[in-house]
Amino acid sequence: MKAVTRFAPSPTGYIHIGNVRSAIYPYLIAKQSNGRFILRIEDTDQARFVAGATDLIKETLTWLGLDWDEGPDKGGEHGPYFQSQRRTIYHEWAKRLIDCGRAYADSTPSETIAKYREASNRAKQPFLYRNHRPANSPAWEIGMPLRFKAMPKDYDYHDEVFGDLHMGPETQDDIILIKADGLPTYNFAHIVDDATMGVTHVLRGQEYLPSMGNYLALYEALGLERPKFVHLPHILAPTGNKKLGKRDGAKSANDYRLDGILPEAMLNFLACLGWNDGSEQELYSKQDLIAKFDISRIQHAGARYDEQKLIWLNGQWIRRLFAEDAPALFARTAEFWPAEATDMDRRFQVFSIIYDRLKTLGDLKTMTSYFFVDPAINLDMIEQNKPLKKLSEAEICELLRRSIAKLQAIDNWTPAHLQDALNELLAETAQKPMTLFGLIRLSVSFAPFSPALPDTLNVLGKATTLARLNAVIAAYARD
Ligand code: GLU
């Protein structure tokens, strides 16, 4: 059976990273069976509409490689794919319910409804509108909400993650199907859309579980077959027991992209939030995920959002993509270099020695400028360095002079020859690597970190290396 799935975000601005997981699983399920993945924009709540939000959603999916088969910009047989453009479809389906006596127009003023609600609150009773259903209802027209006429009963159903579930009569009410403005509620629209678009699997957050009583009643009243239900457990904040929210440090997909997180890593990370294939594997490409994703292995417990895991995965993905095709990965780094990195050949050389230490591509900006311009000399950095603290100024300058002499003698400036020379120097000076190599590293970079020293000196070149070491001796002389 070819699966038809959908991602149905509401364009309300910020795309919560957890919402993006709700796009990945349906995508994988559709691709596994050569089915269809639909992007549907649920924009019926005009009050919460944010301009540009749909573009952001599309950009995020495109960035992650989750190309939709039907939806905005793509079209398809089941459009339109914006709910706001599907009014006539909802009205048609609503009329069917009116005709069979399962929907009614409601002219009850909102103040009256508020009073009913208050009374239930005072009596500590759950508020059910059906207890106040008006005896007569006018003919339905825009300007008046259309409500479902609940016929409460017991429903059993199966959720692919949460198992066999039951919804009792208390879960069903006279919910609004079409609002006074003529637009449908989510409750009604998604059922009509899923049915008319042929959706076979409904994947969404577990926050929709309590509403299942109403949805099951609507499927029945509309004579629709139920799709498969796959409710996804919450994503939890990094600490505590609450759901991941805006303020918990989860950025938007676009912010992660700007930080230099690779889409491969983000896809891998999100797919594995609450899912694994039971093996030790940690790195999953999109193709691996399509091959291995299995609804039955989605965990029931909420998955904790651990940004450190994302960053670790990103480092792993940088290494993997470099090994697969270094120039292709390098081509994706263009926006992440510091302004002084104008020499493209040098960029590639630097990338080739530093890639395996990067956590994000954004690290290039802060970690590489000394390869392109002389760093400002900062003697404090040498003096504050732990292994170097023990040495006097004179000893430091002496070590620098001996280093210069040794490196000066290298004719063939290659990492291997540099390594040999540095080892000899270590033996001759009887210093620890941390001390000697730390001093040379700091003197040529004034950075807290560099790639392996022979590689670093090799890329800097002989002239620059010697000039920088001499400049430090000169700075001590002036000091
Ligand atoms: N528009 C709903 C949301 O953004 C979608 C829920 C669903 O996938 O059915 O939460």
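Before reading further, recall that the structure is shown in the block above.
Owing to the predicted nature of the structure, the values given are computational and were not obtained by experimental measurement.

S.K.: I keep staring at a negative patch on the surface and nothing clicks. Help me out?
M.R.: Where like charges cluster on the molecular surface, the negative patch consists of Asp154, Asp156, Asp164 and Glu170. Among the structural elements, Asp154 can be located in the loop between strand S4 (146-148) and strand S5 (155-159).

S.K.: Would you mind going over the nonpolar core with me for this structure?
M.R.: Most often, soluble globular proteins keep nonpolar side chains buried together rather than apart. With 108 residues, the main nonpolar core has Tyr25, Met266, Phe351 and Ile382 as its most contacted residues. Per element, the largest residue contribution to this core is ten residues, and it comes from helix H10 (residues 307-331). In contact with Ile382, not counting residues within four places along its chain, are Leu388, Ile396, Leu439, Leu442, Ser443, Phe446, Val472 and Tyr476. Listed in part, the 38 residues of the second largest apolar core include Ile38, Val192, Leu216 and Ala221.

S.K.: In this structure, what is going on with the layout of surface pockets? I would like to understand it.
M.R.: Summary: where empty space remains is shown by rolling a probe the size of a single water molecule over the atoms. What the largest pocket holds in volume is close to 990 Å³. Lining the largest pocket are 40 residues; nearest its centre among them are Pro9, Ser10, Asn19, Glu207 and Tyr208. Elements with a contribution of two residues or more to the lining of the largest pocket: strand S1 (4-7), helix H1 (17-32), helix H2 (53-64) and strand S8 (201-205). The element that contributes the greatest number of residues to the lining of the largest pocket is H1, accounting for four residues. Each residue belonging to the lining of the largest pocket can be placed in one class, and the counts come to 16 nonpolar, 13 polar and eleven charged.

S.K.: Sorry if this is basic, but what is going on with helix H17 (residues 453-460) here?
M.R.: Because an α-helix packs 3.6 residues into every turn, residues spaced three or four apart end up facing the same way. Within H17, six of the eight residues are buried, which leaves it mostly tucked inside the rest of the structure. For H17, the complete set of buried residues consists of Leu453, Pro454, Thr456, Leu457, Val459 and Leu460. Immediately beyond the C-terminal end of H17, within one or two residues, lies Gly461, with a positive phi of roughly 90°.

S.K.: Can you help me understand the site of the ligand in this one?
M.R.: In the region of the ligand, the neighbouring residues are Arg6, Ala8, Pro9, Ser10, Glu42, Tyr186, Leu203, Arg204 and Tyr208. Protein coverage of the free-state accessible area of the ligand, which is 300 Å², stands at 84%. According to the grid-proximity analysis, the pocket containing the ligand is the largest pocket. In terms of residue class, the shell around the ligand is built from five nonpolar, one polar and three charged.

S.K.: Would you mind showing me how to read the pattern of salt bridges here?
M.R.: Side chains that carry opposite charge are capable of pairing whenever their charged atoms lie near each other. Per the stated rule, a full pass over the model turns up 23 salt bridges. Linking Glu42 and Arg40 is a salt bridge whose minimum nitrogen-to-oxygen distance equals 3.0 Å. Across this residue pair, the class does not change: Glu42 and Arg40 are buried. Notably, a salt bridge pairs Arg320 with Glu324, separated by 3.1 Å at the nearest N-O pair. Placement of both Arg320 and Glu324 in helix H10 is noted, with a separation of four residues, approximately one turn of the helix. For Glu324, a relative accessible area of 53% gives the class exposed. In this structure, a network of salt bridges that share partners links the residues Arg6, Arg40, Glu42, Arg86, Asp193 and Asp194.

S.K.: What am I meant to see in the packing of aromatic side chains here?
M.R.: Evaluated as defined, the whole model comprises 19 aromatic pairs. The interplanar angle of 65° and the centroid separation of 5.5 Å between the aromatic rings of Trp275 and Tyr284 together place this pair among those described as edge-to-face. When sorted by exposure, Trp275 lands in the same class as Tyr284, which is buried. Each residue in the set Phe322, Phe330, Trp337, Phe348, Phe351, Tyr355 and Phe372 is aromatic and connected to the rest through ring pairs, giving one cluster. It is Arg96 that lies over the ring of Trp93; its NZ or CZ is 4.0 Å from the centre. A cation sits over an aromatic face here: Arg147 above Tyr129, 3.5 Å from the ring centre.

S.K.: I'm lost on H1 in this one. Help?
M.R.: Along its 16 residues, H1 runs 23 Å from first to last C-alpha, staying within 8% of the 22 Å computed at 1.5 Å per residue. Where burial is concerned, most of H1 is hidden: 13 out of the 16 residues are buried. Backbone geometry just after H1 places Asn34 at a positive phi near 60°.

S.K.: Which parts of the structure should I look at to understand the pairing of S1?
M.R.: Consecutive residues of a regular strand have side chains that alternate between opposite faces of the sheet. Burial along S1 is two-sided: the face carrying Val4 and Arg6 and the face carrying Thr5 and Phe7 are both buried. Here S1 runs beside strand S2 (residues 36-39); their pairing, made up of four bridges, is parallel. If you follow Phe7 over to S2, its bridge partner there is Leu39. The handedness of the S1 to S2 crossover, carried by H1, is right-handed.

S.K.: Got a minute to help me understand the sheet that holds S4 in this structure?
M.R.: Strands belonging to one sheet form pairs held by backbone hydrogen bonds; the direction of such a pair is parallel or antiparallel. Strand order across the open sheet formed by three strands is S3-S4-S7, with antiparallel pairing between neighbours. The open sheet is flanked by strand S3 (103-105) and strand S7 (176-178), the only strands paired with a single partner. Across this sheet, the average inter-strand angle for adjacent strands is 40°, counted without regard to direction. Pairing of S4 with S7, which is carried by two bridges, proceeds in the antiparallel orientation. Counterpart to Arg147 in the pairing with S7 is Ile176.

S.K.: How do you make sense of the packing of helix H16 (residues 433-445) against H17 when you look at a structure like this?
M.R.: In contact at an axis separation of 11 Å, H16 and H17 are set at 30° when each is read in the N-to-C sense. With respect to each other, H16 and H17 are oriented roughly parallel. With respect to the hand of their crossing, H16 and H17 are arranged in left-handed fashion. Across the interface between the two elements, Phe437, Ile440, Arg441 and Val444 from H16 touch Leu453, Leu457 and Leu460 from H17. Partitioned by chemical class, the residues of the contact of H16 with H17 number six nonpolar, no polar and one charged.

S.K.: So what exactly am I meant to see when it comes to unusual backbone geometry here?
M.R.: Generally, phi is negative for residues other than glycine and the peptide bonds are trans, each holding for most cases. Between Gly79 and the following residue, Pro80, the backbone shows a cis peptide bond with an omega angle of -5°. With respect to the helices and strands, Pro80 occurs in the loop between H2 and helix H3 (87-99). The phi angle at Asn34 is positive, at roughly 60°, despite the residue not being glycine. Note that Asn34 resides in the loop between H1 and S2. Even without being a glycine, Phe446 presents a positive backbone phi close to 45°. You can see Phe446 is positioned in the loop between H16 and H17.

Criteria and cut-off values
Residues numbered from 1 in each chain as written. Predicted model: local features only at pLDDT ≥ 70, side-chain atom pairs only at ≥ 80, totals over all residues. Heavy atoms only, no water. Patch = residues over 30% accessible without salt bridge, like charges linked within 9 Å, V, L, I, M, F, W, Y side chains within 5 Å. Areas by Shrake-Rupley, 256 points an atom, 1.4 Å probe, with all protein chains shown as cover. Salt bridge = Lys/Arg side-chain N within 4 Å of Asp/Glu carboxyl O. Lys, Arg positive; Asp, Glu negative; His and termini not counted. Charge placed at Lys NZ, Arg CZ, Asp CG, Glu CD. Helix = DSSP H or I, 4+ residues; strand = E, 2+ residues; numbered from the N terminus. Core = buried A, V, L, I, M, F, W, Y, C linked by side-chain atoms within 4.5 Å. Buried < 20%, exposed > 50% of the residue type's maximum accessible area, 1.4 Å probe, protein only. Contact = heavy atoms within 4.5 Å. 1 Å grid on protein atoms, 1.4 Å probe; cavity = no way out; pocket = protein on both sides within 12 Å on 5 of 7 lines; lining within 4 Å. Points joined across faces, edges and corners; volume = space filled by probe spheres on them. Nonpolar A, V, L, I, M, F, W, Y, C, P; charged D, E, K, R; others polar. Near = heavy atom within 4 Å. Sits in = over half its atoms within 2 Å of the grid points. Phe/Tyr/Trp six-rings, centres within 6.5 Å; stacked < 30°, edge-to-face > 60°. Lys NZ or Arg CZ within 6 Å of the ring centre and 35° of its normal. Expected span 1.5 Å × (residues − 1). Pairing = 2+ DSSP bridges. Right-handed = clockwise from strand over helix to strand, strands pointing away. Axes fitted to C-alpha atoms, helices over the stretch in contact; angles between N-to-C directions. Parallel < 35°, antiparallel > 145°, perpendicular 65-115°, else oblique. Left-handed = near helix turned anticlockwise from the far one by under 90°.

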